[in-house]
Amino acid sequence: MESMQKKLRGLLLCILISIPCWYLGKMFPLIGGPVFAIIAGMIITIFIKDKSKLKDGITFTSKKILQYAVILLGFGLNLSVVLQTGKQSLPIIISTIGVSLLIAWGLHNFMRIPTKIATLVGVGSSICGGSAVAAAAPVIQADDEEVAQAISVIFFFNVLAALIFPTLGVLVGYATNSGEGFGIFAGTAVNDTSSVTACASTWDSMFGLGSATLDKAVTVKLTRTLAIIPITMVLAYMGAKKGNGEGGKTYSLKSVFPFFIIYFVLASVITTVAQSMGVGAEVFAPIKTLSKFFIVLSMCAIGLNTDIIKLVKTGGKPIVLGFCCWVGITVVSLVMQHVLGLW
């Protein structure tokens, strides 16, 4: 109880900031609540002279609430539906993820980009934006400024994708009487759910396709989300292996294992079983909404722990990395669809 009381002030501050950011995200879905929250946090923290009484609550929100958000995200995944309708795009998803991670690894070495930022940008760009960063950050023990850096870079290219890709789709020759081809492209080449939604909805509006493109894009995007599981496992294993070679210390896989991912999988299984027994998807809608709010809440806390001046000064190389990952994913998605005869 005493521990919770120490966290209460910081937690309440994060909630107070997050609520208007949540509604701003609803009004401007292209930007999204998490981005408003992280920016608001970075600005507000400048005016807070003494954060000693807020520190415990802010840290709890940026670390634990972030993990709870990932766990609750599992309630939005019906594994049978995702695997059944997403298998068509699986080769594209694997290819784009592989290319993004290779680019991140290569530029990390070539440009001497800090390992944790390179990992977060690579994982976030290739899988599902903020949710993937939320899953990977605690596994690699990234600090709040590193998370903020990665989220900022990913957001920037999210917005560009949502604005540019519908026009690009017309130029490369996607069928305008169907949402199939462009839906797969949006679902594999755009990383954050809000931007995928905006991009696919624009295509539907341009050609009067109802929600055909959106439905396809969101299903593909959910399939990509499942990559969070193997990626975090691999990162945990690599972290333990690397730790064992540093300073004579011994690290076990158990000490860095992302147990919250087990709960994420369990939540997905519960959803899948329940829906196979006739439970409607709308039953899980409030939990999915809570998951999204938790991400906004944790991003606010991360913003409060971030030095915006330092972030701007060190932002050049991560932006180059984000750009290269973005271009690589886009090109590979287009090429793989063409090879597979999807457009």
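Cut-offs applied
Residues numbered from 1 in each chain as written. Predicted model: local features only at pLDDT ≥ 70, side-chain atom pairs only at ≥ 80, totals over all residues. Heavy atoms only, no water. Helix = DSSP H or I, 4+ residues; strand = E, 2+ residues; numbered from the N terminus. Rg over C-alpha atoms; globule rule 2.2 N^0.38 Å. Buried < 20%, exposed > 50% of the residue type's maximum accessible area, 1.4 Å probe, protein only. Contact = heavy atoms within 4.5 Å. Areas by Shrake-Rupley, 256 points an atom, 1.4 Å probe, with all protein chains shown as cover. Lys, Arg positive; Asp, Glu negative; His and termini not counted. Charge placed at Lys NZ, Arg CZ, Asp CG, Glu CD. Core = buried A, V, L, I, M, F, W, Y, C linked by side-chain atoms within 4.5 Å. Phe/Tyr/Trp six-rings, centres within 6.5 Å; stacked < 30°, edge-to-face > 60°.

With respect to the overall build of the protein
Within the protein, the secondary structure is distributed over 17 helices and 0 strands. Radius of gyration (C-alpha) of the protein: 20 Å, near the 20 Å computed for a compact globule of 343 residues. A total of 343 residues make up the protein; the buried ones form 50% of that total. Across the protein, the fraction of contacts at a sequence separation of at least 24, relative to all contacts at a separation of at least 6, is 81%. Per element, the accessible surface of the protein, about 15,900 Å² overall, is 69% carbon and sulfur. Across the protein, the 25 positively charged side chains and the 14 negatively charged ones have centroids separated by 5 Å.

A short note on the side chain of S298
Considering the arrangement of structural elements, one finds S298 in helix α15 (residues 285-304). Discounting residues that sit within four places of it in the chain, S298 has contacts with T61, S62, I65 and L66.

Focus: the nonpolar core
As a rule of thumb, soluble globular proteins bury nonpolar side chains together. Membership of the largest hydrophobic core comes to 100 residues, with the highest contact counts inside it found for L120, I127, V147, F165, F182, M299 and L321. Here this core takes 10 residues from α15, the largest share from any one element.

Description of the environment of I65
Tracing the sequence through the fold places I65 in helix α3 (residues 55-73). I65 gets classed as buried once you look at its relative accessible area, which sits at 7%. Through-space distance from the C-alpha of I65 to that of M4 is 14 Å; in sequence the pair is 61 residues apart. Excluding residues within four positions of it along the chain, I65 makes contact with F60, F294, L297 and S298.

Overview of unusual backbone geometry
The phi dihedral of R112 is positive, around 55 degrees, even though this residue is not glycine. For R112, the position within the fold is in the loop between α5 (90-110) and α6 (115-126). For R112, a relative accessible area of 71% gives the class exposed.

Let's talk about the packing of aromatic side chains
Applying the stated criterion across every chain, the model contains 14 aromatic pairs. Centre to centre, the rings of F157 and F323 are 6.1 Å apart; their planes meet at 45 degrees, and the pair counts as tilted. With F157 in helix α8 (residues 144-172) and F323 in helix α17 (residues 316-339), this residue pair connects regions lying 166 residues apart in the sequence. Note on F323: relative accessible area 41%, which makes it partly exposed. The interplanar angle of 10 degrees and the centroid separation of 4.2 Å between the aromatic rings of F182 and W203 together place this pair among those described as stacked. Taken together, the residues span a long stretch of sequence, with F182 in helix α9 (residues 180-189) and W203 in helix α10 (residues 193-207) at a distance of 21 residues. For the pair shown, F182 and W203 are each scored as buried. Each member of the aromatic cluster is reached from another via a ring pair, and the members are F156, F157, F165, Y174, F182, F185, W203, F207, F323 and W326.

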